[in-house]
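Chain residues, written in single-letter form:
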Amino acid sequence: MTTLSAAVIGAGSQGRVHGLGLVAAPDVRLVALADVNQAAGEALAAELGVPRTYQDYHELLEADQPDIVSICTPPVFHLDVVRAAVAAGVRAVHCEKPIALSYGDALEMAALAADAGVQLTFNLQRRFEAVQRFAREQIMAGEIGDVVTIEGYCPNLPDWGAHILDLILFHRGDAAPSWVMGQIDVTVDRYIYGALAETASLTQIAWPDGVRAVVSTGREPHTPVLNLENNLGLLLQGTRGRVDLRGARCRVRRFGKEDLVLDSPFDTDSANWDRGVDPAIVAGTGEAIQDLADALRTGRAPVLDAAYGLRGAELIFATYESSRSRRRVPLPLDRLDNALLSGRAEGYWSPVGETHSTY
């Protein structure tokens with residue numbers, strides 16, 4: 001098999017996760033890292049055995065011409081890095097989330113890649129988790145009958161919500177929703193990887209077949225970010241049972257039958273995580289990278305094709321738009337801005353608390 005060269009842009013916590021995945025991928029060689037913080041880049045390069053580091057990612061792209069680029073910068077830079085990577089002839093781009101600061105930026109990233117024949121994926125790696133795949137298998141096999149409603153909860157929409165919304169779509173077989181109705185609160189200015197996030201929110205999603213999903217955010221600061229049992233979950237109600245996905249466990253409750261239970265094979269005790277990183281995230285990202293590399297070689301669509309990430313992003317920005325415009329928002333979304341940002345600037349929400357930054 002042909003060895004693919006790879007580079008990571010952004011050497012923070014997610015840069016390390018991507019770097020570990022690239023180092024572990026068969027026939028992929030991580031050749032370079034870039035980070036504006038030279039010390040951070042050099043430290044990660046030393047840990048992973050990467051031969052070259054740069055402060056300017058443009059220099060990396062020109063000098064190393066990698067096949068694969070992982071974008072792990074704050075989201076404000078994602079579109080610029082995609083532009084530069086496409087112009088440099090990169091063959092595949094794997095981008096972290098939050099995907100973009102506006103829906104228009106997300107669409108432009110996808111259009112740039114598609115027009116240039118570049119494979120674009122977003123790291124919604126929870127599709128590879130054993131508990132999620134087990135849940136989908138049981139749902140598709142009819143173990144809970146027809147899905148009627150879905151409930152999800154997490155700390156915020158741009159970061160954790162990207163996963164929750166993507167998993168809702170995943171368990172619905174990626175059927176396209178028809179409308180979104182949402183309400184958000186901005187009591188404080190909260191930033192996730194430098195991106196403004198709501199303080200709390202409610203999102204209702206509808207499909208043409210009558211299924212509804214509701215997602216709530218804003219459990220912090222009452223529970224810590226990394227308390228997965230309390231801060232991240234899905235409950236899918238069916239006509240003959242339900243699927244309960246909380247943290248690292250999937251329980252399929254079948255009316256009149258014995259429960260089916262699957263636990264994550266990874267250590268869920270955060271005290272034992274390597275440098276605070278969930279091993280399931282590392283493993284899932286590694287599988288995503290191996291899959292995108294195989295897709296690049298074979299020409300098939302990757303499991304995390306950009307279309308899935310865009311659909312989840314559409315639900316986030318539609319929630320913000322619904323709250324701003326006080327209406328049910330039909331899909332496809334026809335607004336390209338970020339209604340949270342523009343609405344905040346227009347005085348729709350007036351935070352009274354102090355600013356909080358996460359990560």
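Predicted model, so just to flag it, every value in this text is computed and none were measured.

A.B. asks: Explain the overall build of the chain to me, using residue names and the numbers behind them.
C.D. replies: Scanning the chain from terminus to terminus reveals 11 helices and 18 strands. Computed over its C-alpha atoms, the radius of gyration of the chain comes to 20 Å, within 12% of the 21 Å expected for a compact globule of 359 residues. Taken along the three principal axes of its C-alpha coordinates, the chain extends 60 × 50 × 40 Å. Of the contacts formed within the chain by residues at least 6 apart in sequence, a portion of 67% connects residues at least 24 apart. Averaged over its 32 positive side-chain charges, the chain has a centre that lies 7 Å from the centre of its 46 negative ones.

A.B. asks: Explain the packing of helix α5 (residues 103-116) against helix α10 (residues 306-325) to me, using residue names and the numbers behind them.
C.D. replies: At a closest axis distance of 10 Å, the pairing of α5 and α10 adopts a crossing angle of 165 degrees. One finds that α5 runs roughly antiparallel with respect to α10. The handedness of the crossing between α5 and α10 comes out as left-handed. Of the residues in α10, those in contact with Tyr 103, Ala 106, Leu 107 and Ala 110 of α5 are Leu 310, Glu 314 and Phe 317. Within the contact of α5 with α10, the residues separate by chemical class into 6 nonpolar, no polar and 1 charged.

A.B. asks: Account for the environment of Ala 110, naming residues and giving values.
C.D. replies: You can see Ala 110 is positioned in helix α5. According to the relative accessible area criterion, Ala 110 is buried, its value standing at 16%. Linking Ala 110 and Ala 306, residues 196 residues apart in sequence, is a C-alpha distance of 6.7 Å. Once you skip the residues sitting within four places of it in the chain, Ala 110 turns out to touch Leu 120 and Leu 310.

A.B. asks: Now, about helix α6 (residues 130-140): what can you tell me, with residues and values included?
C.D. replies: Every buried residue belonging to α6 is among Val 131, Gln 132, Phe 134, Ala 135, Gln 138 and Ile 139, and all of these are buried. An end-on view of α6 places all buried positions within 160 degrees of arc, on one side of the element. On its buried face, α6 is in contact with β7 (147-154), α7 (157-171), β13 (233-238), β14 (241-246), β15 (249-254) and β16 (260-263). Looking at the residues trailing α6, positive phi occurs at Gly 142, about 85 degrees.

A.B. asks: Hey, could you go over the side chain of His 171 for me, with residue numbers and the actual values?
C.D. replies: Relative to the helices and strands, His 171 is located in helix α7. At 2.8 Å, the side chain of His 171 and the side chain of Gln 132 are in polar contact. Residues within four places of His 171 in sequence aside, it is in contact with Gln 132, Ala 135, Arg 136, Ile 139, Met 140, Leu 234, Leu 236 and Leu 245.

A.B. asks: Residues and numbers for the pairing of β14, please.
C.D. replies: By the bridge criterion, 5 bridges tie β13 to β14 in an arrangement that is antiparallel. Within the sheet, the bridge partner assigned to Gly 233 lies in β14 and is Arg 246. Count of turn residues in the β13/β14 antiparallel hairpin: 2 residues. Summarising the sheet, β14 and β15 pair through 6 bridges and their orientation is antiparallel. Looking across to β15, one finds that Arg 246 is bridged to Arg 249.

A.B. asks: Summarise the pairing of β15; cite the residues concerned and give the values.
C.D. replies: Burial of β15 is one-sided: the residues Cys 250, Val 252 and Arg 254 facing one way are buried, the residues Arg 249, Arg 251 and Arg 253 facing the other way are not. Turn length for the β14-β15 hairpin, with the two strands adjacent in sequence and antiparallel, is 2 residues, and the turn residue Gly 247 shows positive phi of about 60 degrees. Of the strand pairs in this sheet, β15 and β16 are connected by 4 bridges, and their pairing is antiparallel. By the bridge assignment, Arg 251 is partnered in β16 with Val 261. Here β15 hands over to β16 after 5 residues, with Gly 256 in that stretch at a positive phi of 80 degrees.

A.B. asks: I'd like a description of helix α4 (residues 78-87), backed by residues and values.
C.D. replies: Most of α4 is tucked away: 7 of the 10 residues are buried. All of the buried residues in α4 are His 78, Leu 79, Val 81, Val 82, Ala 84, Ala 85 and Val 86. At its buried positions, α4 is contacted by β1 (4-9), α3 (57-64), β4 (68-71), β5 (92-95) and α5. The positive-phi residue at the C-terminal boundary of α4 is Gly 89, with phi of around 90 degrees.

A.B. asks: Go over the packing of aromatic side chains, please, and point to the residues and values.
C.D. replies: Enumeration according to the criterion identifies 3 aromatic pairs in this entry. Pairwise contacts between aromatic rings join Tyr 103, Phe 317 and Tyr 320 into one cluster. In this arrangement the basic side chain of Arg 127 is found over the ring face of Tyr 308, its NZ or CZ atom lying 4.4 Å from the centre. The ring of Trp 207 carries the charged tip of Arg 172 above its face, separated from the ring centre by 5.1 Å.

A.B. asks: Can you explain the sheet that holds strand β12 (residues 212-217)? Please cite residues and give values.
C.D. replies: Ordered in space as β16-β15-β14-β13-β7-β12-β11-β8-β17, the 9 strands form an open sheet in which the pairing is mixed. Strand pairing shows two members of the sheet lacking a second neighbour, β16 and β17 (329-330), which therefore form its edges. In terms of strand pairing, strand β8 (residues 179-185) meets β17 through 2 bridges, oriented antiparallel. Among the inter-strand pairings, Val 180 is bridged to a residue of β17, identified as Val 329. Lying on the sheet, α10 is in contact with β8, β11 (200-206) and β17; it crosses β8 at an angle near 70 degrees.

Basis of the calculations
- Residues numbered from 1 in each chain as written.
- Predicted model: local features only at pLDDT ≥ 70, side-chain atom pairs only at ≥ 80, totals over all residues.
- Heavy atoms only, no water.
- Helix = DSSP H or I, 4+ residues; strand = E, 2+ residues; numbered from the N terminus.
- Rg over C-alpha atoms; globule rule 2.2 N^0.38 Å.
- Contact = heavy atoms within 4.5 Å.
- Lys, Arg positive; Asp, Glu negative; His and termini not counted.
- Charge placed at Lys NZ, Arg CZ, Asp CG, Glu CD.
- Axes fitted to C-alpha atoms, helices over the stretch in contact; angles between N-to-C directions.
- Parallel < 35°, antiparallel > 145°, perpendicular 65-115°, else oblique.
- Left-handed = near helix turned anticlockwise from the far one by under 90°.
- Nonpolar A, V, L, I, M, F, W, Y, C, P; charged D, E, K, R; others polar.
- Buried < 20%, exposed > 50% of the residue type's maximum accessible area, 1.4 Å probe, protein only.
- Arc of directions from axis to C-beta.
- Polar contact = N/O pair within 3.5 Å; in protein donor to acceptor, adjacent residues only side chain to side chain.
- Pairing = 2+ DSSP bridges.
- Phe/Tyr/Trp six-rings, centres within 6.5 Å; stacked < 30°, edge-to-face > 60°.
- Lys NZ or Arg CZ within 6 Å of the ring centre and 35° of its normal.

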